[in-house]
Amino acid sequence: GSGNGRLAAAVFALAPALGATYAHAFAVRRRFADPAIVKDALDRLGLRELAQHDLTARVIGSGKSNAVVDVRVPGGEPDRLVLKRALPFGTLMAWGARNFGANYVYSARTRGADRIAREAAALRKLAAARIAVPRVLAASPDDELIALAWIEGSPAATALYGLRASNGAIII
């Protein structure tokens, strides 16, 4: 149909931007786990007490929409959290899905700040409805940052679809 043609044309036209933002996402995800960068992000989120501690961080997940790190803060309260930073690739993908893909119902506000604000609001509403979700420790849409309480368990994709072997087979 015409939707697929529009999508193909958009991908072709946006290929340079997609490539650049994808490469940027890859690099930023790795740098975001640097303790100095994590401390700066915690400080900007108003979590200054946590930023004063020695901490470690490691990249988790493989997405390119957000840089996501598992932060461990020995002696901190909390002593473990998830820190996320919205990336331009996610903004470009959301914009493309909204304007050229099947996701036309996606919000027209696709900037990283808007995505962070929506995530924080959704998690807070779900928590208020007594649905088990990570607690929002702090969110700064202007800085495109959100800090979430760590919860033990399997990632949702693993819990829903199982682990995948190197050949793509699902392991349940």
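Here the structure is shown first, and the text comes after it.
Treat the numbers as computed from the prediction; the structure is a model and nothing was measured.

Conventions adopted
Residues numbered from 1 in each chain as written. Predicted model: local features only at pLDDT ≥ 70, side-chain atom pairs only at ≥ 80, totals over all residues. Heavy atoms only, no water. Helix = DSSP H or I, 4+ residues; strand = E, 2+ residues; numbered from the N terminus. Buried < 20%, exposed > 50% of the residue type's maximum accessible area, 1.4 Å probe, protein only. Contact = heavy atoms within 4.5 Å. Areas by Shrake-Rupley, 256 points an atom, 1.4 Å probe, with all protein chains shown as cover. Phe/Tyr/Trp six-rings, centres within 6.5 Å; stacked < 30°, edge-to-face > 60°. Lys NZ or Arg CZ within 6 Å of the ring centre and 35° of its normal. 1 Å grid on protein atoms, 1.4 Å probe; cavity = no way out; pocket = protein on both sides within 12 Å on 5 of 7 lines; lining within 4 Å. Points joined across faces, edges and corners; volume = space filled by probe spheres on them. Expected span 1.5 Å × (residues − 1). Salt bridge = Lys/Arg side-chain N within 4 Å of Asp/Glu carboxyl O. Pairing = 2+ DSSP bridges. Axes fitted to C-alpha atoms, helices over the stretch in contact; angles between N-to-C directions. Core = buried A, V, L, I, M, F, W, Y, C linked by side-chain atoms within 4.5 Å.

Engineer: Honestly, the overall build of the protein chain in this entry has me stumped. Any pointers?
Structural biologist: Along the backbone of the protein chain there are six helices and seven strands. In the protein chain, the order of α-helices and β-strands from amino to carboxyl end is α-α-α-β-β-β-α-α-β-β-α-β-β. Going through the 172 residues of the protein chain one by one, you find that 35% of them count as buried. Taking contacts inside the protein chain between residues at least 6 apart in sequence as the whole, the part at least 24 apart equals 48%. Within the structure as shown, the protein chain displays about 10400 Å² of accessible surface, and the carbon and sulfur contribution to it stands at 58%.

Engineer: Can you walk me through the packing of aromatic side chains in this structure?
Structural biologist: Aromatic ring pairs are defined here through the distance separating the ring centres and the angle between the ring planes. Evaluation of the coordinates by the stated rule reveals zero aromatic pairs. For Arg80, the ring lying beneath its charged end belongs to Trp150, and the centroid distance is 3.6 Å.

Engineer: Looking at this structure, how should I read the layout of surface pockets?
Structural biologist: Rolling a probe over the atoms, with the probe sized like a water molecule, indicates the empty space that remains. Estimates place the volume of the largest pocket at around 620 Å³. Around the largest pocket sit 23 residues that line it, and Ile60, Val68, Val82, Trp150 and Pro155 are the ones nearest its centre.

Engineer: Before we go on, may I ask you to explain helix H5 (residues 112-128) in this structure?
Structural biologist: Since one α-helical turn is 3.6 residues long, residues separated by three or four positions face the same way. The end-to-end C-alpha distance of H5 is 24 Å, a good match for the 24 Å that 17 residues give at a rise of 1.5 Å each. Three or more residues of H5 are buried, namely Gly112, Ala113, Asp114, Arg115, Ile116, Ala120 and Leu123. Downstream of H5 by one or two residues, Arg130 has phi in the positive range, about 65 degrees.

Engineer: I would appreciate a short explanation of the pattern of salt bridges in the present structure.
Structural biologist: Proximity of charged atoms lets side chains of opposite charge pair with each other. In this structure the tally under the stated criterion is eight salt bridges. Here Arg58 and Asp70 are joined by a salt bridge, their closest N and O atoms 3.4 Å apart. You can see Arg58 sitting in strand S1 (residues 56-59) and its partner Asp70 sitting in strand S2 (residues 66-72), a full twelve residues away along the chain. Judged by relative accessible area, Arg58 falls into the partly exposed class, the value being 44%. The class for Asp70 is buried, based on a relative accessible area of 1%. Taking the shortest distance from any N to any O, the salt bridge between Asp70 and Arg72 comes out at 3.6 Å. Among the charged side chains, a network of salt bridges with common partners joins Arg58, Asp70, Arg72, Arg80 and Glu152.

Engineer: Any chance you could explain the sheet that holds strand S3 (residues 80-86) here in plain terms?
Structural biologist: Pairing within the open sheet is antiparallel, and its five strands lie in the order S1-S2-S3-S5-S4. Every other strand in the sheet has two partners, leaving S1 and strand S4 (136-140) as the edge strands with one partner each. The average undirected angle you get between the axes of adjacent strands in this sheet is 20 degrees. Examined bridge by bridge, S4 and strand S5 (residues 145-149) share four bridges and lie antiparallel to one another. When the sheet's bridge partners are listed, Val136 is paired in S5 with Leu148.

Engineer: Would you mind showing me how to read the nonpolar core here?
Structural biologist: Here is a general trend for soluble globular proteins: nonpolar side chains tend to be buried in one another's company. In this structure, Val38, Leu42, Leu47, Val69, Val71, Leu81 and Leu83 are the most contacted members of the largest nonpolar core, which totals 25 residues. Sorting the residues of this core by element identifies helix H1 (2-31), helix H2 (35-44), helix H3 (48-51), S2, S3, S4 and S5 as the ones contributing at least two each. When residues no more than four places from it in sequence are discounted, the contact partners of Leu81 are Leu42, Leu50, Val69, Asp70, Val71, Val73, Leu137, Ala147, Leu148 and Trp150. Of all hydrophobic cores here, the second largest spans eleven residues; its members include Val68, Val82, Ala86 and Ile116.

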